[in-house]
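Here's the letter readout for the chains.
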Amino acid sequence: MSTNEIRPVLDTPMLLGETPLWHPEESALFWIDIAGKSVHRFRPADGTHQHWNLPAEPGCIAYIEVGKLLVAMRSGLAELDTTTGTLIHLSDPPYDPSKVRFNDGRCDARGRLWAGTLFDSRERPGGSLFCVEQGNVRDIGKPVTVSNGVAFSCDGRTLYHTDTTAHRIMAYEFNVETGEVGGARLFKQFSADKGAQYGGRPDGAAVDSENAYWCAMYEGGRVLRISPDGEILREITLPVRCPTMVAFGGEDMKSLYITTVRHNRSADELVRHPLSGHVLTMHVDVPGRLEFAYRL
Ligand SMILES: O=C1O[C@H](CS(=O)(=O)O)[C@@H](O)[C@H](O)[C@H]1O
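Looking at an unreviewed UniProt entry, one finds the chain named SMP-30/gluconolactonase/LRE family protein, with Noviherbaspirillum saxi as its source organism. Under the Sequence similarities (unreviewed entry) heading, UniProt states for the chain: "Belongs to the SMP-30/CGR1 family."

Draft legend 1. Fine view of the overall build of the chain. For the chain, the helix and strand inventory stands at one helix and 24 strands. Computed over the C-alpha atoms, the radius of gyration of the chain is 17 Å, within 12% of the 19 Å expected from 2.2 N^0.38 for a compact globule of 296 residues. By principal-axis analysis of the C-alpha atoms, the chain measures approximately 45 × 45 × 35 Å. Residues counted as buried form 57% of the 296 residues belonging to the chain. Considering only intrachain contacts with a sequence separation of at least 6, the fraction spanning at least 24 residues in the chain is 45%. Of the roughly 12,000 Å² of accessible surface on the chain, 47% is carried by carbon and sulfur atoms. A distance of 3 Å separates the average location of the 31 positive side-chain charges in the chain from that of its 38 negative side-chain charges.

Draft legend 2. Summary view of the sheet that holds strand E10 (residues 100-107). Pairing is antiparallel in the open sheet, where four strands are placed in the order E10-E11-E12-E13. Lying at the two open borders of the sheet, with one neighbouring strand each, are E10 and strand E13 (136-139). Strand-to-strand twist in this sheet, taken as the mean axis angle between neighbours without regard to direction, amounts to 30°.

Draft legend 3. Up close: the environment of Gly-105. Here Gly-105 shows up in strand E10. Separated by 100 residues in sequence, Gly-105 and Ala-205 have C-alpha atoms that sit 9.6 Å apart. Beyond its immediate chain neighbours, meaning those up to four positions away, Gly-105 contacts Thr-19, Cys-60, Leu-113, Trp-114, Ala-115, Val-150 and Met-245.

Draft legend 4. Representation of the site of the ligand within the structure. What surrounds the ligand is a group of 13 residues, the closest being Glu-18, Arg-101, Asn-103, Arg-201 and Asp-203. A distance of 2.7 Å separates an oxygen atom of the ligand from a polar side-chain atom of Arg-201. Notes on the ligand: free accessible area 360 Å², of which the protein chains cover 90%. Those elements that place two or more of their residues in the shell around the ligand are E10 and strand E18 (201-207). Class assignment for the residues of the shell around the ligand results in five nonpolar, three polar and five charged.

Draft legend 5. Inspection of the packing of aromatic side chains at higher detail. This structure, assessed with the given rule, holds eleven aromatic pairs. Taking 5.2 Å as the distance between ring centres and 90° as the angle between the ring planes, the aromatic pair formed by Trp-114 and Phe-174 counts as edge-to-face. Here the residue Trp-114 occupies a position in strand E11 (residues 113-119), and Phe-174 occupies one in strand E16 (residues 168-175), the gap between them amounting to 60 residues. The buried category is assigned to Phe-174, whose relative accessible area is 6%. Counting every residue linked through ring pairs, the aromatic cluster contains Tyr-95, Phe-102 and Phe-130.

Draft legend 6. Looking closely at the UniProt feature "binding site: substrate" (unreviewed entry) in the chain. UniProt records the feature "binding site: substrate" (unreviewed entry) for Arg-101 and Asn-103 in the present numbering. Checked against the element boundaries, Arg-101 lands in strand E10. Exposure remark for Arg-101: the relative accessible area of 6% places this residue in the buried category. Setting aside residues up to four positions removed in sequence, Arg-101 forms contacts with Leu-16, Ile-34, Glu-57, Arg-74, Tyr-95, Gly-116, Thr-117, Leu-118 and Asp-120. With respect to the helices and strands, the residue Asn-103 is situated in strand E10. Here Asn-103 falls in the buried class, since its relative accessible area comes to 3%. Setting aside residues up to four positions removed in sequence, Asn-103 forms contacts with Glu-18, Ile-34, Gly-59, Cys-60, Gly-116, Thr-117, Leu-118, Val-146, Ser-147 and Asn-148. Side-chain polar atoms of Asn-103 contact the side chain of Arg-101, separated by 3.0 Å.

Rules of the game
- Residues numbered from 1 in each chain as written.
- Predicted model: local features only at pLDDT ≥ 70, side-chain atom pairs only at ≥ 80, totals over all residues.
- Heavy atoms only, no water.
- UniProt positions renumbered as here; feature names shortened; annotations may be inferred.
- Helix = DSSP H or I, 4+ residues; strand = E, 2+ residues; numbered from the N terminus.
- Rg over C-alpha atoms; globule rule 2.2 N^0.38 Å.
- Buried < 20%, exposed > 50% of the residue type's maximum accessible area, 1.4 Å probe, protein only.
- Contact = heavy atoms within 4.5 Å.
- Areas by Shrake-Rupley, 256 points an atom, 1.4 Å probe, with all protein chains shown as cover.
- Lys, Arg positive; Asp, Glu negative; His and termini not counted.
- Charge placed at Lys NZ, Arg CZ, Asp CG, Glu CD.
- Pairing = 2+ DSSP bridges.
- Axes fitted to C-alpha atoms, helices over the stretch in contact; angles between N-to-C directions.
- Near = heavy atom within 4 Å.
- Polar contact = N/O pair within 3.5 Å; in protein donor to acceptor, adjacent residues only side chain to side chain.
- Nonpolar A, V, L, I, M, F, W, Y, C, P; charged D, E, K, R; others polar.
- Phe/Tyr/Trp six-rings, centres within 6.5 Å; stacked < 30°, edge-to-face > 60°.

Below you can see the structure in the form of structure tokens.
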């Protein structure tokens, strides 16, 4: 693959792709299709693709060990055994599932899952950020309308959290030993002016091995690489309008994977961007970091 080539990993698009996640021991990329209520696994080495249907919309996943995933669904937390397809319900949702569902999330270095929620109607900040630690679910008290962009700096001392609707990414002091979230600073505020210059709103993200924050820009058709002090270092134009999240993977962690949306997009957008909904990949020069597993 040439350096700048962006291509789909599969022939089949998702409805609403989210949470790409490289599993180092399985040498596979996992992701979810929220509207398609499914979990997917793709092995680049042999091109095999497998999926598992779910009873409710997933918002994010984390790996536990080979063959076991934690799935945060609208209906609560569950453990998916990918060898048998068995889904074990672990806990009910910490919110009213008729109005709210889990969205983007990832694990910290101590194996806690940080999963946000979104308010379906987008009318008010009825979503939040939750910490799942060995089955206990704690509301962190960060009201947002659409939670996204959960990521940790390389030293584990900064927790990034985005409100996509507010076009805002916050950075919080974070104590990875205790899981305590401290002082806040504005990391990046994007313009919400949806005129001709609209650059999109910040969505899912990942931090690379040089501590830069890679952010999918929903309706902006691009991914941004942002320095820890908020400077845009690189902009990648995508062949789709709505990327939702990025992940690093591959044996060298230099494959960037990008989930995207097809569901509820206009006919015009789908004609202009036929790859909408596909999981995209491209080579990058700076490797990402391995994701942490969820600790039961
Ligand atoms: O459903 C979703 O939508 C949002 C984008 S928006 O709320 O429509 O602006 C996306 O960020 C999110 O990740 C996805 O789950």
